[in-house]
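# Per-entry structural report
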Amino acid sequence: MTSFDSSPTLTAWRALLAVAVVFVMLATTGWTAVRHQRSDEPRTVALAAWARGRVAGHALPDADAPPYRLAQFFATLTAAQRTALADKYPLVVGNLNGAPVTLRYRANRLAVAQARKVERQRMHDVRLSPDGRAEAVRRMHRFDSMLARGRHFLAFDPSGKGRAAEVFGSLDRAERISVIVPGVDTNLLTLERTGVKVNAAPVGMAKSLYAAERAARPSTRTAVIAWADYTTPAGIGMDAALGNLAERGAVRLNALLGALPGNAPVSLFCHSYGSVLCGVAAHELPARVGDIAVAGSPGMRVENASQLRTGARVWAMRDRGDWIADVPNLELGGLGHGADPVEPGFGARIVSAGDAVGHSGYFEPGTESLGNFAAIGVGAYDSVSCAAADSTCHETITGSRAV
């Protein structure tokens, strides 16, 4: 007869606890992938120059000042002064929450052009290894693509693996705004894809959602942001199992949301590890965020939706072929992300993923998953298809009927 002490279940839990302790010790002693920016990285250099800069004889505001204060600052400037600042400090102005949107677009286009020039030189730098020069080629091609006519970036930072946020539609005129928060392995080189799985990358996701929202309600002016402006975990490793990067990303997400122009309702669409970030950010979201929709979620670092402490509606979906279903939903010593959002007991509105294909297929055109996202994004809640586990997912929503 097997004793309780040697039961497979207890042995497994002991092993998991041991691993969790090691993971947390490593994380808290600086082992994880995140590092402080080096003093020679482009944005660090740009911020130092901004701190010394002046306009009309006055010092420039702190780049970390609240968005309302930065908005007030830019409102006091002439058009020529604003343009001059964007041209002189593009890597700063392009990332300032509170700066006018069109000014940020201008600044980031200049910053991307400067980054492309740097990579073009690095391509031929014999001091670099062959792999280093090959990466420079890939980055140069990425920046070429980002400079295509009609593209608008609300954020851009080439430091390290890089971050960016691209906008589709008019933020200034939008009646509904959607923000896509992607998961692991998101950086400048994976911002977009060509060929297969185009819609598995943030830019492809945003394009698909923007088109689907316009089709769902043509009379509504919408804007969609592909928000790849946080440091994501590299692969399915320790950083993906911990919440450190989600916590840092949540601060950046709420800063963005608090600075969006106008008062249009905002919906968040959070994929994979992005849903962890959205869960962490939830309790501080601006009131204009009415919906948080998660797909392929490993958890939101809570045990139920009420613990998110948000007034936003929480939606969840998962395709039956998504491998994330095999990830244990637990939280132990900081390891893991809590309960499964598609379990009825969690308390989210469970919607159908329809014919989505696997973990990265939720934004494929023509899928029920994308159609549901679009309906949520434009506020057409009656059009949302509930999952079998929650046939009333669109009930008790005031003003849900599409117009």
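A brief report on the enclosed structure follows. Since this is a predicted model, take the numbers as computed values, not measurements. Throughout this description, residue numbers start from 1 for each chain and increase along the sequence as written. Thresholds applied to this predicted model are a pLDDT of at least 70 for local features of residues and 80 or more for the giving and counting of side-chain atom pairs; totals over whole chains, interfaces and linings are not thresholded and use all residues. Note that water and hydrogens are dropped before the side-chain values are worked out from all heavy atoms of the structure.

## What about the pairing of strand β5 (residues 176-181)?
Between buried and exposed lies partly exposed: a residue is buried under 20% and exposed over 50% of the maximum accessible area for its type, with that area taken using a 1.4 Å probe on protein chains only. In DSSP terms, a helix is any run of H or I states spanning at least four residues, a strand is any run of E spanning at least two, and both are numbered starting from the N terminus. Counting buried residues along β5, 6 of its 6 residues qualify, which places the element largely inside the surrounding structure. By the alternation rule, side chains of β5 split into R176, S178 and I180 and I177, V179 and V181, which are all buried. DSSP calls a pair of strands paired once it identifies at least 2 bridges connecting them. Relative to strand β6 (residues 222-228), β5 is paired through 5 bridges, and the arrangement is parallel. If you follow I180 over to β6, its bridge partner there is A226. On the question of chirality, the crossover connecting β5 to the parallel β6 by way of helix α8 (residues 202-216) is right-handed. Sheet analysis places β5 next to strand β7 (residues 266-271), joined by 5 bridges and oriented parallel. Looking at the pairing, V179 lines up with L268 of β7. When the strands point away from the viewer and the connection leading from the first strand across the helix to the second strand turns clockwise, the crossover is called right-handed.

## Side note on the packing of helix α4 (residues 79-88) against helix α6 (residues 101-122)
All axes are obtained by fitting lines to C-alpha atoms, using only the stretch in contact for helices, and the reported angles, taken between N-to-C directions, cover 0 to 180 degrees. Relative orientation of the contacting elements α4 and α6 amounts to 30 degrees, with a least axis distance of 8 Å. If you check the angle between α4 and α6, you find them roughly parallel. The interaxial crossing formed by α4 with α6 has right-handed handedness. Contacts between α4 and α6 involve R82, T83, A86 and D87 from the former and L103, R106, A107 and L110 from the latter. Each residue is assigned to one of three groups, with Ala, Val, Leu, Ile, Met, Phe, Trp, Tyr, Cys and Pro labelled nonpolar, Asp, Glu, Lys and Arg labelled charged, and all others, Gly among them, labelled polar. In terms of residue class, the contact of α4 with α6 is built from 4 nonpolar, 1 polar and 3 charged. Every angle not falling under 35 degrees, over 145, or within 65 to 115 is termed oblique; those three ranges are roughly parallel, roughly antiparallel and roughly perpendicular. When the near helix sits turned anticlockwise from the far one by under a right angle, the crossing is termed left-handed; a clockwise turn instead gives a right-handed crossing. Residue contacts follow a heavy-atom distance rule, with two residues in contact if any of their heavy atoms lie within 4.5 Å.

## Some thoughts on the packing of aromatic side chains
Two measures describe an aromatic ring pair: the distance that separates the ring centres and the angle between the ring planes. Only the six-membered ring of Trp is used, alongside the rings of Phe and Tyr, when aromatic pairs are assigned; centres must lie within 6.5 Å, and planes under 30 degrees apart are stacked while those over 60 apart are edge-to-face, with the rest tilted. Applying the stated rule across the entire model yields 7 aromatic pairs. Taking the centre distance of 5.5 Å and the plane angle of 10 degrees together, the rings of W227 and Y230 count as stacked. Using a relative accessible area of 1% as the deciding quantity, one classes Y230 as buried. Aromatic side chains W315 and Y381 sit 5.8 Å apart centroid to centroid with 5 degrees between the ring planes, which places their arrangement in the stacked category. A residue pair is termed long-range when its members are at least 10 positions apart, and W315 in strand β9 (residues 313-317) and Y381 in the segment after α12 (368-378) qualify at 66 residues. Side by side, W315 and Y381 carry an identical accessibility label, which is buried.

## Let's talk about the pattern of salt bridges
A pair is scored as a salt bridge if a Lys or Arg side-chain nitrogen falls within 4 Å of a carboxyl oxygen belonging to Asp or Glu. Throughout the structure, instances matching the rule amount to 15 salt bridges. Ionic pairing is found between E119 and R122, a salt bridge with its closest N-O pair at 2.6 Å. Of the two residues, E119 and R122 are both situated in helix α6; the distance of 3 residues between them amounts to about one turn of the helix. For R122, a relative accessible area of 25% translates into the label partly exposed. Here the residues in one salt-bridge network are R142, R151, E166 and E192, joined through shared partners.

## Here we look at the environment of W315
The exposure class assigned to W315 is buried, which follows from its relative accessible area of 1%. For W315 and F373, which are 58 residues apart along the polypeptide, the C-alpha to C-alpha distance reads 9.5 Å. The residues contacting W315, other than those within four sequence positions of it, are D291, I292, A293, V294, A348, R349, V351, I376, Y381, V384, C393 and I397. At 2.9 Å, the side chain of W315 forms a polar contact with the side chain of D291. In protein, a polar contact means a hydrogen-donor-capable atom and an acceptor-capable atom, both N or O and within 3.5 Å, with residues adjacent in sequence counting only if both atoms are side-chain atoms; elsewhere, any N or O pair within 3.5 Å suffices.

## Observations concerning the state of the cysteines
Note on terminology: pairs of cysteine sulfur atoms within 2.5 Å are recorded as disulfides. Applying the stated rule across the entire model yields 2 disulfides. Between the sulfur of C270 and that of C278 lies a disulfide, 2.1 Å long from S to S. Where C270 bonds to C278 through sulfur, the torsion about that S-S bond is close to -85 degrees, and the disulfide is left-handed. The pair C270 / C278 is uniform in exposure class, with both members buried. Put simply, C386 and C393 are joined by a disulfide, and their sulfur atoms are 2.2 Å apart. Residues C386 and C393 are joined by a disulfide whose S-S torsion is about -95 degrees; by sign, that bridge is left-handed. For the protein chain, the bonded cysteines connect in the pattern 1-2, 3-4 when numbered consecutively along the sequence.

## Brief notes about the sheet that holds strand β10 (residues 349-350)
Strand order in this open sheet of 8 strands is β3-β4-β6-β5-β7-β8-β9-β10, and the pairing throughout is mixed. The sheet terminates laterally at β3 (152-157) and β10, the two strands that pair on one side only. The strands touched by α8 within the sheet are β4 (163-169), β5, β6 and β7, with β6 carrying the most contacts at an inclination of about 165 degrees. Sitting on the sheet, α12 touches β5, β6, β7, β8 (289-295) and β9, and the angle it makes with β7 is about 155 degrees.

Purely spatial values, then, with no claim about function.
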